[in-house]
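Each chain, written out:
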Amino acid sequence: MTAHRSVTSGTPATAVPAGARTSRARRGRGFTLAEVMMSVTIFAMLSLGVYQMLIKSYELSAITRYRDDARAVLLTFADQFSRLQTTQTHSGTAYARYLFQPAASPTGTGLQWGSLSDQDSLTALTSVPSLSVTIGNSAGGNGIPAAITRTVVPLNSDGTTAGSVTYTAAGYMLLGTFTATYSVFGHTYVQSVSVLRAAP
């Protein structure tokens with residue numbers, strides 16, 4: 001009687017680690033709650049940074065617009081101060097324009113927006129601390145008020161401030177400084193333009 005032995009060929013089966021099975025199974029389930037929350041947090045932080053940059057850009061653009069408008073207003077008064085005659089004749093009587101009256105401290109007396117010309121002698125006769133002018137106005141109606149003031153002082157021949165007007169053969173010198181003060185985004189801005197001219 002012959003004994004038969006059964007021989008099985010091939011490689012023995014290898015065991016699959018438990019971690020690998022879990023990793024393969026997880027691939028089909030998507031992101032976990034922790035991963036989604038982390039992604040949302042990162043996205044929110046990036047969005048907040050972009051939003052802050054946009055707000056800052058808008059503020060800088062608005063400040064530039066206000067500054068340019070304020071400077072245009074000041075240059076208008078500076079042009080009047082350097083170009084107009086210091087005196088005006090009305091009904092045969094000559095009188096000094098209020099725009100050129102000496103004022104060592106800031107005042108709005110003599111300032112009138114939009115109506116002073118070579119022929120017009122009417123200015124703000126009442127004593128006012130400042131003239132209010134809207135700057136930065138656009139189609140959106142987001143203009144802000146700016147307080148415009150002037151200081152006018154006579155000068156000596158050496159350039160120092162004189163206590164009173166002293167006439168010489170060439171007249172006298174006047175230094176006019178026009179200032180705009182306005183507040184935007186919680187900050188106060190001040191701009192000034194100075195003009196030196198001979199008078200009368």
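Basis of the calculations
Residues numbered from 1 in each chain as written. Predicted model: local features only at pLDDT ≥ 70, side-chain atom pairs only at ≥ 80, totals over all residues. Heavy atoms only, no water. Helix = DSSP H or I, 4+ residues; strand = E, 2+ residues; numbered from the N terminus. Buried < 20%, exposed > 50% of the residue type's maximum accessible area, 1.4 Å probe, protein only. Contact = heavy atoms within 4.5 Å. Areas by Shrake-Rupley, 256 points an atom, 1.4 Å probe, with all protein chains shown as cover. Core = buried A, V, L, I, M, F, W, Y, C linked by side-chain atoms within 4.5 Å. Phe/Tyr/Trp six-rings, centres within 6.5 Å; stacked < 30°, edge-to-face > 60°. Lys NZ or Arg CZ within 6 Å of the ring centre and 35° of its normal. Patch = residues over 30% accessible without salt bridge, like charges linked within 9 Å, V, L, I, M, F, W, Y side chains within 5 Å. Salt bridge = Lys/Arg side-chain N within 4 Å of Asp/Glu carboxyl O. pLDDT = per-residue confidence, 0-100. Polar contact = N/O pair within 3.5 Å; in protein donor to acceptor, adjacent residues only side chain to side chain. Pairing = 2+ DSSP bridges.

**Concerning the overall build of the protein chain**
Of regular secondary structure, the protein chain possesses two helices and seven strands. In the protein chain, the succession of α and β elements from N to C terminus is α-α-β-β-β-β-β-β-β. With 200 residues in all, the protein chain has 28% of them scored as buried. Pairs at least 24 residues apart make up 54% of the contacts formed inside the protein chain by residues separated by at least 6 positions. Carbon and sulfur atoms make up 59% of the accessible area of the protein chain, which amounts to about 13,600 Å² in all.

**Re the nonpolar core**
In terms of nonpolar packing, the biggest core is built from 29 residues, with Phe 81, Ile 135, Ile 148 and Tyr 182 touching the most fellow members. Contributions of two or more residues to this core are made by α2 (33-83), β4 (131-135), β5 (144-155), β6 (172-184) and β7 (187-199). No other element matches the nine residues that α2 contributes to this core. Ignoring any residue separated from it by four or fewer positions in sequence, one finds Tyr 182 in contact with Tyr 66, Arg 67, Ala 70, Ile 135, Ile 144, Pro 145, Ala 146, His 187, Thr 188, Tyr 189 and Gln 191.

**Here we look at the environment of Pro 129**
Along the chain, Pro 129 falls in the loop between β3 (103-107) and β4. C-alpha separation for the pair Pro 129 and Thr 149, spaced 20 residues apart in sequence, amounts to 7.4 Å. With residues near it in sequence (within four places) discarded, Pro 129 still touches Pro 106, Thr 107, Gly 108 and Thr 149.

**Looking at the packing of aromatic side chains**
The full count for this structure, using the stated rule, is six aromatic pairs. Arranged with centres 6.3 Å apart and planes meeting at 75 degrees, the rings of Tyr 58 and Phe 185 form a pair that is edge-to-face. Of this pair, Tyr 58 sits in helix α2 while Phe 185 sits in the loop between β6 and β7, and the two are 127 residues apart along the sequence. For Tyr 58, a relative accessible area of 46% translates into the label partly exposed. Exposure remark for Phe 185: the relative accessible area of 38% places this residue in the partly exposed category. Here the aromatic cluster, defined as three or more aromatic residues joined through ring pairs, consists of Phe 77, Phe 81, Phe 100, Trp 113 and Phe 178. Above the ring of Tyr 66, the side-chain terminus of Arg 65 is found at 5.2 Å from the ring centroid.

**Let's talk about a nonpolar patch on the surface**
Taken together, the side chains of Phe 31, Val 36 and Val 40 define a hydrophobic patch exposed on the protein surface, amounting to about 320 Å² of accessible area. Phe 31 sits in the exposed class, given a relative accessible area of 69%.

**Let's talk about the confidence of the model for the protein chain**
The predicted structure's coordinates, where accompanied by low pLDDT, should not be read in detail. Mean pLDDT over the protein chain: 79, with 74% of residues reaching 70 or higher. Looking at the elements of the protein chain, mean pLDDT is at its lowest for helix α1 (residues 18-27), recorded as 54, and at its highest for β5, recorded as 94.

**Considerations on the side chain of Thr 107**
Take Thr 107: it is sitting in strand β3. Overall, Thr 107 belongs to the buried group, its relative accessible area being 11%. A polar atom in the side chain of Thr 107 sits 3.1 Å from the backbone nitrogen of Thr 109. In this structure Thr 107 touches Val 128, Pro 129, Thr 149 and Arg 150, once residues within four positions along its chain are discounted.

**Considerations on the pairing of strand β2 (residues 93-96)**
It is a general feature of regular strands that their side chains alternate between the two faces of the sheet. Two strands pair when backbone bridges link them, and strand β1 (residues 87-90) and β2 are joined in this way by four bridges, in the antiparallel orientation. Bridge assignment links Thr 87 to a residue of β2, and that residue is Ala 96. Where β1 folds back on β2, the antiparallel hairpin that results is connected by two residues, among which Ser 91 adopts a positive phi of roughly 55 degrees.

**Topic: the side chain of Thr 149**
Here Thr 149 is to be found in strand β5. Exposure remark for Thr 149: the relative accessible area of 13% places this residue in the buried category. Setting aside residues up to four positions removed in sequence, Thr 149 forms contacts with Pro 106, Thr 107, Leu 111, Pro 129, Ser 130, Thr 177, Phe 178 and Thr 179.

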